[in-house]
Amino acid sequence: METYIDYAPLGKAFWKKYVLLWQNSIGRSPFQSPSILQYFSESNKGDVVAFQCIRDGNLIAAALLKKAKGVYTFLSDMKTDANFFVLHNQCSQEEIWTIFEQFLQVAGQNNWTLMLNYQPCWASYMSIFEKTGKVSGLYWQNIRYSVCPVTDDEPAGALFNRINGLRAFRYPVSRLKNQEKAIFEVFTDHTDLECWADEFCEAHIRRWADTPTPSAYSDPDRRQFLKNCLYAWAADSILIRFSVKAPMGRVGFVIGLLEENSLVFHATTFHPEYKKFSPGKALIYAVAEWMARQNIQVLDFGDGNEPYKYDVADRERQLNRIFISHPLNFPFILKTKTIKVVRGNSKMYVFYRDKIKRLIQRAKFSLLI
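Please read these numbers as outputs of a predicted model, since none were measured by experiment.

### Considering the packing of aromatic side chains
Part 1: Under the defined criterion, the tally for this structure stands at 32 aromatic pairs.
Part 2: Ring centres of Trp196 and Phe200 lie 5.9 Å apart, and the angle between their planes is 20°; this geometry places the pair in the stacked category. With Trp196 and Phe200 both in helix α7 (residues 193-208) and four residues apart, the pair spans about one turn of that helix. Here Trp196 matches Phe200 in class, with each residue buried.
Part 3: Taken together, the ring pairs in this structure connect Phe51, Tyr72, Phe74, Phe85, Phe100, Phe103, Trp112, Tyr125, Phe129 and Trp140 into an aromatic cluster.
Part 4: Between Arg28 and the ring centre of Trp22, over which it is positioned, the NZ or CZ distance is 4.4 Å.
Part 5: For Arg241, the ring lying beneath its charged end belongs to Trp196, and the centroid distance is 5.3 Å.

See below:
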């Protein structure tokens, strides 16, 4: 096995190998799909580096990172629910151990400081990564970060049967159809994507107007960024868009992403004038019905513990944040320990989330208008 690191711009040869790796990777995460990472790599203004492991001329492992303010994070941090290392599904446990040993050796040799956000604790390789990290000689800190609420691993169609038995989901569907003459849409390609994305953004802006967290899509650059992400995911055939269309236009939206036997409920919004019709619940019903037809078992609601997710989700997957650096990088180590204290104190974290973080978000928003 040979290990390489390449810096952007990454050439056609790399992306050709990466496509084959991702297509045969563990999990086939939509957040590490070839088109989305190529878009991020080409548009990112900071340093981008690709860690690669080659066996017999084939790429069997990769991680794409970006550098900002001296710290490397996953390139997919630009828009993600979970950041995975991309490993070939035929890698043995011994090979996976060696891959992570090599990754941490490269980090040490190049004096990298790493902040690996949205790390999926359920990834099959995570216990090996944890063990290699603790014996690497580098500073290693693993902190609980967030959760992804999901439906349980049940037979395909069981989720829809469960939701179909609940009036709270059936009634909004029939009410939208009968009273508003609404139709439910499912798009699996680029059809009407430009218009659909514009309507999504407008509904999102209206939905979050006059709240402590106004929509970022008031910024034309963020709106274009979303469109580019949607086009990239569509190019890799993993984007599924759901919507409710009433006479006034589309009033409810879900951006879904395919991941093996799961559908990731990545983003959703609705037009506030239709709040009384519960378009969110109606769309969850439509999503579950589509999943049953496609023989998809798991609905993954992505990062965050918003209450509406638990109307359906019956368990949580944990996301962690892993910090890695030279053992004498004292400023970074102090920062990570502070983060750990804040995250571990519920009152302190709520104060940070509801006060300090919102002040930062408002300040950023004020710069856009």
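### Details of the side chain of Arg317
Part 1: Checked against the element boundaries, Arg317 lands in strand β13 (residues 315-325).
Part 2: If we ignore the near neighbours within four places in the chain, the residues touching Arg317 are Trp122, Ser146, Val147, Cys148, Val150, Val298 and Asp300.

### A closer look at helix α8 (residues 220-235)
Part 1: Compared with the 22 Å implied by 1.5 Å per residue over 16 residues, the 23 Å span of α8 between its first and last C-alpha is a close match.
Part 2: Here α8 has its buried residues at Arg223, Phe225, Leu226, Lys227, Cys229, Leu230, Ala232, Trp233 and Ala234.
Part 3: Where α8 is buried, its residues touch α2 (34-43), α7, β9 (239-246), β10 (249-259) and β11 (262-270).
Part 4: Looking one or two places after α8, you find Ser237, whose phi comes out positive at around 60°.

### With respect to the pairing of β11
Part 1: The buried count for β11 comes to eight of nine residues, which makes it a mostly enclosed element.
Part 2: The pairing of β10 with β11 spans eight bridges and is classified as antiparallel. When the bridges of β11 are listed, Val254 appears paired with Thr268.
Part 3: Between the end of β10 and the start of β11, which pair antiparallel, lie two residues, with Glu260 showing a positive phi angle near 50°.

### Quick word on the pattern of salt bridges
Part 1: Within this structure, the stated rule accounts for 14 salt bridges.
Part 2: Arg315 is paired through a salt bridge with Asp152; the nearest N and O atoms lie 3.2 Å apart. Taken together, the residues span a long stretch of sequence, with Arg315 in strand β13 and Asp152 in the loop between β7 (139-150) and α5 (158-164) at a distance of 163 residues.
Part 3: Note that Arg223 and Glu202 form a salt bridge whose closest N and O atoms lie 2.8 Å from each other. Of this pair, Arg223 sits in helix α8 while Glu202 sits in helix α7, and the two are 21 residues apart along the sequence.
Part 4: Overall, the relative accessible area of 38% leaves Glu202 in the partly exposed class.

### Observations concerning the state of the cysteines
Part 1: The full count for this structure, using the stated rule, is zero disulfides.
Part 2: Free cysteine: Cys195, not disulfide-bonded; nearest cysteine sulfur from Cys201 at 11 Å.
Part 3: The thiol of Cys201 is not disulfide-bonded; the next cysteine sulfur, from Cys229, is found 11 Å away.

### Observations regarding empty space enclosed by the protein
Part 1: For the structure on display, the rule yields four cavities of 30 Å³ or more.
Part 2: Of the pockets and cavities examined, the largest cavity occupies roughly 60 Å³.
Part 3: Split by residue class, the lining of the largest cavity holds six nonpolar, two polar and three charged.

### Notes on the environment of Lys340
Part 1: Mapped onto the elements of the fold, Lys340 is located in helix α10 (residues 330-344).
Part 2: With 229 residues separating them along the chain, Lys340 and Asn111 place their C-alpha atoms 23 Å apart.
Part 3: Excluding residues that lie within four positions of it along the chain, Lys340 makes contacts with Gln141 and Ile143.

### Remarks on the nonpolar core
Part 1: One finds Tyr18, Leu64, Phe200, Leu230 and Trp233 to be the most contacted residues of the largest nonpolar core, which totals 41 residues.
Part 2: If you list the elements that add at least two residues to this core, you get α1 (12-23), α2, β2 (47-55), β3 (58-68), α7, α8, β10 and β11.
Part 3: Counting residues per element, this core draws most heavily on α8, at seven residues.
Part 4: Counting 37 residues, the second-largest nonpolar core is a separate cluster that includes Ile60, Ala61, Tyr125 and Ile322.

### Examining α2
Part 1: Those residues of α2 that fall on the buried side of the exposure criterion are Pro34, Ile36, Leu37, Tyr39, Phe40 and Ser41.
Part 2: Turning to α2, the residues buried within the fold contact α1, β2, β3 and α8.

### Observations regarding the packing of α2 against α8
If you want to describe how two helices pack, look at the angle between their axes and the distance between the axes.
Part 1: Look at α2 against α8: their axes get within 7 Å of each other, and the N-to-C directions meet at 145°. Mapping the contact onto sequence places Ser35, Ile36, Tyr39 and Phe40 in α2 and Phe225, Asn228, Cys229, Ala232, Trp233 and Ala235 in α8.
Part 2: Its residues assigned to classes, the contact of α2 with α8 shows eight nonpolar, two polar and no charged.

### A closer look at the confidence of the model for the chain
Detailed reading of the predicted coordinates is not advisable wherever pLDDT is low.
Part 1: Across the chain, pLDDT averages 92, with 93% of residues at or above 70.
Part 2: For residues 349-353, every residue scores under 50 in pLDDT, and the model assigns this stretch seven contacts once sequence neighbours within four places are set aside.
Part 3: Segment residues 363-369 is flagged for pLDDT under 50; beyond a separation of four residues in sequence, or across chains, it makes four contacts in the model.

Rules used in this analysis
- Residues numbered from 1 in each chain as written.
- Predicted model: local features only at pLDDT ≥ 70, side-chain atom pairs only at ≥ 80, totals over all residues.
- Heavy atoms only, no water.
- Phe/Tyr/Trp six-rings, centres within 6.5 Å; stacked < 30°, edge-to-face > 60°.
- Helix = DSSP H or I, 4+ residues; strand = E, 2+ residues; numbered from the N terminus.
- Buried < 20%, exposed > 50% of the residue type's maximum accessible area, 1.4 Å probe, protein only.
- Lys NZ or Arg CZ within 6 Å of the ring centre and 35° of its normal.
- Contact = heavy atoms within 4.5 Å.
- Expected span 1.5 Å × (residues − 1).
- Pairing = 2+ DSSP bridges.
- Salt bridge = Lys/Arg side-chain N within 4 Å of Asp/Glu carboxyl O.
- Disulfide = S-S within 2.5 Å.
- 1 Å grid on protein atoms, 1.4 Å probe; cavity = no way out; pocket = protein on both sides within 12 Å on 5 of 7 lines; lining within 4 Å.
- Points joined across faces, edges and corners; volume = space filled by probe spheres on them.
- Nonpolar A, V, L, I, M, F, W, Y, C, P; charged D, E, K, R; others polar.
- Core = buried A, V, L, I, M, F, W, Y, C linked by side-chain atoms within 4.5 Å.
- Axes fitted to C-alpha atoms, helices over the stretch in contact; angles between N-to-C directions.
- pLDDT = per-residue confidence, 0-100.

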